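Coordinates in review
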Amino acid sequence: MQKIDLKRTPIPRLFFTYFIPALFTMLALSTYSTIDGIFVGQKMGSDALAAIVIVWPVFPIIIAFELLLSFGGSTLAAFYIGRDKARLARVVFSSIFYFAFLSALCCSVIGYIYAEKIVQLLGASITLEHYATQYLEVISLGLIFIILHPLVDTFVVNDRRPVLATVSMLVGAVSNIILNYYFIFVFEWGVAGSAWATILAHCIGFFMILQHFLRKKGDLYFAKAFSFKYILIAIKTGVPQSSAELSAAIAMFLFNVFLMKISGERGVAIYGIVLYSGIAYYSVLLSISQGMQPIVSYSFGARLFDRIKQVYRFCFVMVFLVSIAIYMVFYFFGHWLVVWFLNTEQLKDPSFLEEVIVAMRIYYIGFIFLGINILSAIFFQSLRRIKSSLIITLCYSVVFLGILIPIMSDKYGQIGIWASNPIAQFLAFLVVIPILYYQNKKIFRVKK
């Protein structure tokens, strides 16, 4: 396959070359978090499903660790490739991979040995403890593949092979569905079967990408080198995306706490449907930013400053128009999507459906500004402007929500909680504007 020409390919064509694979990758990756629950719930009932939900907080920590290394490392590697320093890019990749492998191995051992204590800390009841421990023990055994698959996926995108990254994620997602069916319904391995399906699916995707590096098909492949210096630089660069994952978990916790206080389980159920319904919406917005990242990182390394500004402007318009278009679809046709998440009892309650629709229409207004906020945070991260990226990330993910949710819930109840999201995203957008102005003067008004 011919390499993508990041210097001369027109920006719209180049963007879609990365955006489309990134979109399919995000949609495929998002299925991993829901497939286990669907199959376990159908076969084993609510207790087994609740046990998996108990273990879920472990996954944001895993994802945050993976992002800390993968996004920062791949951004740095793309920067060096743009500088025609492919050897340094290979040192970065190799160091990150070796470090991630050893770290995952240590975490795997700890997770397996202390699985029971971990699920107790997560609040598992006596009824759920056995299922949750069994699930976490198996997940811990395959932690290496759960971490390394997304990591090498990110690096292969920055090595100008976005289609390979997408295919590996799609094959992994389909494998997860097939394996879940066989392990749970045919072999009847229970929650452990679901965990094994997740592990093997990631294993399949990982080895599909690994051959790219082993066969030296791009600029990145394994080198006999290890540098803590580049690991620390990558970690510093990856902090914003990693903190976004952890902050999202905190924000979800806040929504759950105040909704439970005001509306009980009904409010939390509505919030769950809103989140699940919005996975595709969020995936599209994030994919636009991910489609931008390799282009910006490479162009920054190659000192193509005018091209960097053109890429950001193009993606800014794209994310704004797409977010409005998707919001309008949800506004007018959201009820057709919602019914897929309602059980028989909820379908018999028309007021519940109405409450979900109202919540979606208010909550999703924030996504119009969220798309711009994510784009700007990843843009500055791609330019290795970590402080600016981190400020934006914390503002849109947790800071303003942490302030607004208690205040809005106290004054306006459940409606106030939904409204806190668009207000928080708008305030975060107001933070983006002066940062853009400041960094524009600092980065681009220099001699090339």
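Now for a quick tour of the structure. (Residues numbered from 1 in each chain as written. Predicted model: local features only at pLDDT ≥ 70, side-chain atom pairs only at ≥ 80, totals over all residues. Heavy atoms only, no water.)

Looking now at the overall build of the chain. On a plain count of helices and strands, the chain comes out with 17 helices and zero strands. Every one of the 448 residues in the chain was classed for burial, and the buried ones make up 56%. Residue pairs at least 24 apart in sequence account for 81% of intrachain contacts in the chain once pairs closer than 6 positions are excluded. (Helix = DSSP H or I, 4+ residues; strand = E, 2+ residues; numbered from the N terminus. Buried < 20%, exposed > 50% of the residue type's maximum accessible area, 1.4 Å probe, protein only. Contact = heavy atoms within 4.5 Å.)

Moving on, we get to helix H9 (residues 190–214). In this model, H9 (25 residues) spans 36 Å end to end at C-alpha, consistent with the 36 Å of a helix rising 1.5 Å per residue. Where burial is concerned, most of H9 is hidden: 18 out of the 25 residues are buried. At the C-terminal side of H9, Lys216 shows a positive phi close to 55°. (Expected span 1.5 Å × (residues − 1).)

Turning next to the side chain of Ser70. Mapped onto the elements, Ser70 comes out in helix H3 (residues 58–82). Engagement of the side chain of Ser70 in a polar contact is seen with the side chain of Glu66, the distance being 2.6 Å. Residues in contact with Ser70, not counting those within four places in the same chain, are Leu151, Thr154 and Phe155. (Polar contact = N/O pair within 3.5 Å; in protein donor to acceptor, adjacent residues only side chain to side chain.)

This part takes up the environment of Gly73. Relative to the helices and strands, Gly73 resides in helix H3. Residue Gly73 is classed as buried on the basis of its relative accessible area, which comes to 0%. Discounting chain neighbours no more than four positions away, the residues touching Gly73 are Val92, Ile96, Phe155 and Ala234.

With that out of the way, let us pick up the packing of aromatic side chains. Going through the model one piece at a time under the given rule, you end up with 41 aromatic pairs. Consider the rings of Phe97 and Phe222, whose centres lie 4.9 Å apart with planes at 70°: the pair is edge-to-face. Taken as a pair, Phe97 in helix H4 (residues 86–113) and Phe222 in the loop between H9 and helix H10 (228–263) lie far apart in primary sequence, 125 residues in all. Residue Phe222 is classed as partly exposed on the basis of its relative accessible area, which comes to 22%. Site record: aromatic cluster; members linked through ring pairs are Phe93, Phe97, Tyr98, Phe145, Phe155, Phe206, Phe207, Phe213 and Phe222. (Phe/Tyr/Trp six-rings, centres within 6.5 Å; stacked < 30°, edge-to-face > 60°.)

Time to look at the side chain of Arg90. Along the polypeptide, Arg90 turns up in helix H4. Polar side-chain contacts of Arg90 include one of 2.9 Å to the backbone oxygen of Asp219. Ignoring sequence-local partners within four residues, the contact set of Arg90 consists of Asp219, Leu220, Tyr221 and Ala223.

So, on to the nonpolar core. The biggest cluster of nonpolar side chains holds 130 residues, and the ones touching the most others in it are Tyr281, Met292, Tyr364 and Trp418. If you tally residues by element for this core, the top one is helix H17 (residues 386–444), at 16 residues. Excluding anything up to four places from it in sequence, Met292 contacts Phe15, Val311, Tyr312, Cys315, Leu375, Ile378 and Phe379. (Core = buried A, V, L, I, M, F, W, Y, C linked by side-chain atoms within 4.5 Å.)

It is the contact of H4 with H10, at a shortest axis distance of 9 Å, that shows an interaxial angle of 80°. Judged on the interaxial angle alone, H10 and H4 are roughly perpendicular. Of the residues in H10, those in contact with Leu88, Val91, Val92, Ser95, Ile96 and Phe99 of H4 are Phe228, Tyr230, Ile231 and Ala234. (Axes fitted to C-alpha atoms, helices over the stretch in contact; angles between N-to-C directions. Parallel < 35°, antiparallel > 145°, perpendicular 65-115°, else oblique.)

It is worth spelling out unusual backbone geometry at this point. Backbone geometry places Asp84, a non-glycine residue, at a positive phi of 60°. At Glu188, a position not held by glycine, the phi torsion is positive, near 55°. Here Glu188 lies in the loop between helix H8 (162–186) and H9.

Next up on the list: the state of the cysteines. Scanning the model with the defined rule gives zero disulfides in all. In this model Cys107 remains outside any disulfide bridge; the closest cysteine sulfur is found in Cys106, 6.8 Å from its own. (Disulfide = S-S within 2.5 Å.)

Our next topic: the packing of H4 against helix H7 (residues 143–158). Packing of H4 against H7 brings their axes to within 8 Å, and their N-to-C directions diverge by 160°. Here H4 lies roughly antiparallel to H7, going by the angle between them. Crossing of H4 over H7 shows right-handed handedness. Residues Phe93, Ile96, Phe97, Ala100, Phe101, Ala104, Leu105, Cys107 and Ser108 of H4 lie in contact with H7, whose contacting residues are Leu143, Ile144, Ile147, Leu148, Leu151, Val152 and Phe155. (Left-handed = near helix turned anticlockwise from the far one by under 90°.)

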